[in-house]
Amino acid sequence: MPMPGTAKRHKQLEISRQIVLPWKKSAEMAYNSLRIRFFRSLITTFSLVLAIAFLSYTLTNTAIAGELYSLYGNLALPLLTLDGYVFDKAEAVIKAGPKDIWLIVLSLLVCTVGIVNAQLMSVTERFREIGIMKCLGALDRIIVRLFLIEALILGIMGAGCGGMLGMLAAWVGSIVHFDTLDCSKIHLLPLFTQVLLAWGIGIGLSVLGVLYPAILAAKLQPVIVMKEEY
Amino acid sequence: MEIHHIIRVVGVTKSFTLGKLPVQVLRGVDLSVATGEYLSIMGPSGSGKSTLFNIVGGLDKPTSGRVFIDEVDISQLDAYELAWLRNRKIGYIFQTFNLIPVMTALENVTLPMIFAGMNSDHAVAKGRGLLDQVGLGERFQHKPSELSGGQQQRVAIARALANDPAIILADEPTGNLDSSTGEEIIALLQKMSRERAVTIISATHDFKMLSVSDRVVWILDGRIDKIEAREELNISLGTIQERHAAPHP
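Residues numbered from 1 in each chain as written. Chains lettered and ligands numbered in written order. Predicted model: local features only at pLDDT ≥ 70, side-chain atom pairs only at ≥ 80, totals over all residues. Heavy atoms only, no water.

1. Re helix 1 (residues 49-56) of chain B
Residue and element names in this part refer to chain B.
Here comes step 1: Among the eight residues in helix 1, seven count as buried, and that is most of the element.
Here comes step 2: Every buried residue of helix 1 is accounted for by Lys49, Thr51, Leu52, Phe53, Asn54, Ile55 and Val56.
Here comes step 3: After helix 1 finishes, the residue glycine 58 shows a positive phi value of roughly 70°. (Buried < 20%, exposed > 50% of the residue type's maximum accessible area, 1.4 Å probe, protein only. Helix = DSSP H or I, 4+ residues; strand = E, 2+ residues; numbered from the N terminus.)

Here it is in structure tokens:
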């Protein structure tokens, strides 16, 4: 006899209330899992740091060029155009040249592939653990949640470090490169906006990279997950 | 007195497709298990023993047929209900122990209780108690990698008992252990089943497990070859070794 829809939903609610993992406990477990797998997490984080540093470097470089033009006007223009930046006469702003656009696209590609791959690997290594948790009664979304929190922690730390690192490199690079101009007057706010952008992209990609394999693994029958040798 | 059957398997078949070839692993199995019974499923590898075992435990779904646990057809359950079943009704023990490597013995044991919504202090107290009972009271802070195979299996037994399940499914629990450790684990399982009136079903080809079983189900080529009660077993035990050694057709 088919159960009426509402009763079914009610029953589901009842059960999902019985199978629980409080947020605090989830965060604790995710943190512990990262801490205990410190070196493995470090490698995953490192690929995040490098990829985001590259992205942040290219983004902030363009921002620095814009800042230099607004500070020094035509004095900076020959230097900037020599570096491949394009001067838009109509709007009177410095824009990224084809080389820089290419670099930004490339660094975005590196980010996506690098981060998604690193996260995919780190989840795939733990398919067995996912199977065990399912045998112990974990709901699919509890498993996905644990991995998401881990990815979020890694993303915030890794992409944050990477973003700052990239900006620092771009800034120091500019001081050395544009030695005829006084770079210390550059407003830092537009640079930090770019870092923030890179940071956000890093966190997003980190979560995205984990989401797909985690959902996949959580949906599988536990016996399949546990039989496979990963 | 009417016997209460905690598990009923009715006309279960299971087929896989191996590449393009359909392979029928189970060809219609009927089986009833009484509450509190210690049942062993014996059979050569490839007989469908593990598949039957997984289906009974709600880890795998049958192609056709029904499995009732406490008169509930588990093939009709959705993901939530199945999770609840695995959490509360069934405890699993595996050949490869399957403890979570990054957690301590105690954390492994308390995990199912936390999923069940028990508060941390209560779960820790109960987990310590269970580890005491399996003889690992002192080693609760150790990681699985710091424990021997036998000790890991003891942790797994404690974990299986965490939410006071009605059924314990043990898949070759002695398969990765030397014979004396295996005997200890068998004795522990038997003790737990008696003290707690838990139904134990184990898939095995370890003959030591037969003497503690109430019944032994022999699986051959996806069908139940025969079911023997312990009394019959004692008589035929002498010939089992011979039969096992003889090549199967």
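2. Focus on the pairing of strand 10 (residues 223-229) of chain B
On any regular strand, side chains alternate: one points to one face of the sheet, the next to the other face.
Here comes step 1: Bridging between strand 9 (residues 215-220) of chain B and strand 10 of chain B involves six bridges; their strand directions are antiparallel. Pairing of arginine 215 of chain B across the sheet is with alanine 229 of chain B, part of strand 10 of chain B. (Pairing = 2+ DSSP bridges.)

3. Side note on the pairing of strand 9 of chain B
Here comes step 1: In this sheet, strand 9 of chain B lies alongside strand 3 (residues 38-42) of chain B in parallel orientation, the contact comprising four bridges. From the neighbouring strand, isoleucine 41 of chain B faces strand 9 of chain B, where its bridge partner is valine 217 of chain B.

4. Looking at the side chain of serine 26 of chain A
Residues and elements named next belong to chain A.
Here comes step 1: Mapped onto the elements, serine 26 comes out in helix 2 (residues 23-36).
Here comes step 2: Within polar-contact distance, the side chain of serine 26 engages the backbone oxygen of leucine 21 at 3.5 Å.
Here comes step 3: Ignoring anything within four residues of it in the chain, the contact list for serine 26 reads Leu21, Arg145, Leu146 and Ile149. (Polar contact = N/O pair within 3.5 Å; in protein donor to acceptor, adjacent residues only side chain to side chain. Contact = heavy atoms within 4.5 Å.)

5. Quick word on the side chain of aspartate 206 of chain B
All names here are of chain B.
Here comes step 1: Mapped onto the elements, aspartate 206 comes out in the loop between strand 8 (199-204) and strand 9.
Here comes step 2: A relative accessible area of 13% means that aspartate 206 is categorised as buried.
Here comes step 3: When sequence neighbours within four positions are dropped, the list of residues in contact with aspartate 206 reads Thr174 and Ile186.

6. What about the interface of chain B and chain A?
Here comes step 1: Contacts between the two partners involve 30 residues from chain B, matched on the other side by 31 residues from chain A.
Here comes step 2: When the buried area of chain B at its contact with chain A is split by residue, Tyr80, Val102 and Phe115 of chain B rank highest and sum to 27% of it.
Here comes step 3: Between the two partners, chain B and chain A, sit zero salt bridges.
Here comes step 4: Taken together, chain B and chain A are joined by four residue pairs in polar contact (both at pLDDT 80 or more).
Here comes step 5: At the level of secondary structure, the elements contributing two or more residues to the side of chain B that touches chain A comprise helix 2 (79-89) and helix 3 (105-115) of chain B.
Here comes step 6: Among the elements that take part in the side of chain B that touches chain A, helix 2 of chain B stands out by supplying seven residues, more than any other.
Here comes step 7: A class-by-class count of the residues in the side of chain B that touches chain A yields 15 nonpolar, six polar and nine charged. (Buried area = accessible area lost by both parts, 1.4 Å probe. Salt bridge = Lys/Arg side-chain N within 4 Å of Asp/Glu carboxyl O. Nonpolar A, V, L, I, M, F, W, Y, C, P; charged D, E, K, R; others polar.)

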